[in-house]
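# Commentary on secondary and tertiary structure
Letter by letter, the chains look like this.
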Amino acid sequence: MPQPDRAARLTAALDRDGATCIWCGRALGGLVPASTEHVVPRVKGGPSWAENEVAACRRCNAARGHVAPVEWLEECRRRGWSPDEPRLERTLTGLAAAIAERGGQRRARPYLDAQLRRLNRRAPRAAGA
Ligand SMILES: [Zn+2]
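Residues numbered from 1 in each chain as written. Predicted model: local features only at pLDDT ≥ 70, side-chain atom pairs only at ≥ 80, totals over all residues. Heavy atoms only, no water.

## A word on helix α4 (residues 85-102)
Threshold: Counting from the N terminus, the helices are the DSSP runs of H or I reaching at least four residues and the strands are the DSSP runs of E reaching at least two. A helix is expected to span 1.5 Å multiplied by its residue count minus one. To sort residues, take the accessible area from a 1.4 Å probe on protein chains only and compare it with the maximum for the residue type: under 20% means buried, over 50% means exposed, and anything in between is partly exposed. Working definition: the arc comes from the directions between the helix axis and the C-beta atoms, pointing outward to the latter.
Taking 1.5 Å per residue as the helical rise, α4 with its 18 residues ought to reach 26 Å, and the 26 Å between its terminal C-alpha atoms agrees with that figure. Buried residues of α4: Glu-85, Arg-87, Leu-88, Thr-91, Leu-92, Leu-95, Ala-98 and Ile-99, and no others. End-on, the buried residues of α4 take up no more than an arc of 160°, which puts them together on one face. Along α4, the residues that are exposed and aim more than 90 degrees away from the buried face are Pro-86, Ala-100 and Glu-101. Gly-103 occupies a position one or two residues after α4 and carries a positive phi of about 80°.

## Regarding the coordination of the zinc ion
Threshold: Metal sites are built from N, O and S donor atoms within 2.8 Å, or 3.2 Å for Na, K and Ca, and they leave out water, so they may look incomplete. Irregular is the label for any site that misses the other tests, which are tetrahedral for four donors with all angles between 85 and 135 degrees, and square planar for four donors or octahedral for six when opposite donors exceed 155 degrees and the remaining angles lie between 65 and 115.
Protein ligation of the zinc ion involves Cys-21 (SG), Cys-24 (SG), Cys-57 (SG) and Cys-60 (SG), the donor distances falling in the range 2.3 Å. Taken together, the four donor atoms surrounding the zinc ion define angles of 100 to 115° at the centre, an arrangement classified as tetrahedral. The sequence pattern describing where the donors of the zinc ion fall on their chain is C-x2-C-x32-C-x2-C. One end of the pair, Cys-21, is in the loop between α1 (6-17) and β1 (34-38); the other, Cys-57, is in strand β2 (residues 53-57), with 36 residues separating them in the sequence. Judged by its relative accessible area of 1%, Cys-21 falls in the buried class. Owing to a relative accessible area of 1%, Cys-57 belongs among the buried residues under this scheme.

Right under this line is the structure:
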């Protein structure tokens, strides 16, 4: 199935998640333009799919580089920013589901699994939930 183009995917991400940066929480638009952030970096095999893309400000996008998303979330907290952990968890989970459905992405799979494990270790589910 063809994916919408990059600009359309960014607009869709803003509509889906709200117009704030996933990493610092700043409102996007005007002086803080939105940019496309790949949750699983493309150099780690992350696909250019809507499911792998969220909006971030250019500062955070550039500052993160190729750091893994959960490690970067922790770094954002150390810097006193307000990263959107529920959005990150939703995106990682949704990407895992999209890969399971469409197949392929052999490099992204183990990377994504490791990130989800790390995220779940940080926020253990209540027993019996
Ligand atoms: Zn930001």
